[in-house]
Structures are given as C-alpha cells and as structure tokens.
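Below, each chain spelled out in residue letters.
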Amino acid sequence: VQLQAFGGGLVQAGGFLRLSCASSGSGINDYGRSWFRQSPGKDREFVAGVNWVSSAPYYADSVKDRFTISEDRSTNTVTLKMNNLEPKDTAVYYCAAVKHGTGCTLRDEEGMNYWGKGTLVTVSS
C-alpha cells in the first residue's frame, strides 16, 4: 500500500486549504484512512479518519467543527477540507492507513499500517 499526501501550503488565519491523500496497492479497500499532524515541538496527533467500510467519519475535538474528511472510492483518494484555519493548525500533516478488523482504530497512531510522507500546512496570524 502506498499513500501520497499533497495540498499543503501557506494560508492566513481564517482561510482554508484542502489536503488530498492518494492511495494505491493490493487490498487497499480493506484499510481505513486517517490524517494525523505534528506541530513543532509536539507529538503527532490524530486529526480525522474515515472508515472505508461504513464511510463513517471521525474527528478530533479540536477540528470537528472546521474540518471535513471525505473519500472518493473511484480514485481511492481521501480529502481533508480545512476551513477557518488557525495558527495552531500549523503542522506537518500525514495520511495513514489502518487495516479494518485488526482491533486498531482510526485514531490509534501506533496501529497504523502505512504512512505517507507529510505535507506542511502553515497558518499565519
């Protein structure tokens, strides 16, 4: 399984960005997809995830009213729409995949099976 994230950049506070994660590989439809982020000096944290079986979305409390995760099954792409961005959202954002049925959840960083390279999001005040 390969994951590739893109769409990061520099935006002013209150602005928006859209991140995409293209995925490919054998059995890819058996994997849920999540976004994590790591801000300077902080641990990596869960942002949002989508169950590939049920399409149910999950969000961290800090983003649930501003970010929306969606999937395009025809292209195996997961998109994270980020609205009303704040300087505290500045981070490197990573997409990841976890195999369903393993007991690991979309929020579980340690349980992710695959990671893409990060994409930097910078929000200026």
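Residues numbered from 1 in each chain as written. Predicted model: local features only at pLDDT ≥ 70, side-chain atom pairs only at ≥ 80, totals over all residues. Heavy atoms only, no water.

Colleague: Describe the packing of aromatic side chains, listing the residues and the values that go with them.
Modeller: The full count for this structure, using the stated rule, is four aromatic pairs. Aromatic pair Tyr-31 and Tyr-114: ring centres 5.6 Å apart, planes at 65°, arrangement edge-to-face. One end of the pair, Tyr-31, is in strand S4 (residues 31-38); the other, Tyr-114, is in strand S10 (residues 114-115), and 83 residues separate them in sequence. According to the relative accessible area criterion, Tyr-114 is partly exposed, its value standing at 30%. Summarising the aromatic geometry, the rings of Phe-36 and Phe-46 are spaced 5.8 Å apart at their centres and angled 75° between planes, so their arrangement reads as edge-to-face. One end of the pair, Phe-36, is in strand S4; the other, Phe-46, is in strand S5 (residues 45-50), and 10 residues separate them in sequence. Here the aromatic residues Phe-36, Phe-46, Tyr-94 and Trp-115 are joined through ring pairs into a cluster of three or more. Its end group placed over the ring of Tyr-94, Arg-44 keeps NZ or CZ at 4.9 Å from the ring centre. Between Arg-73 and the ring centre of Trp-52, over which it is positioned, the NZ or CZ distance is 5.0 Å. (Phe/Tyr/Trp six-rings, centres within 6.5 Å; stacked < 30°, edge-to-face > 60°. Helix = DSSP H or I, 4+ residues; strand = E, 2+ residues; numbered from the N terminus. Buried < 20%, exposed > 50% of the residue type's maximum accessible area, 1.4 Å probe, protein only. Lys NZ or Arg CZ within 6 Å of the ring centre and 35° of its normal.)

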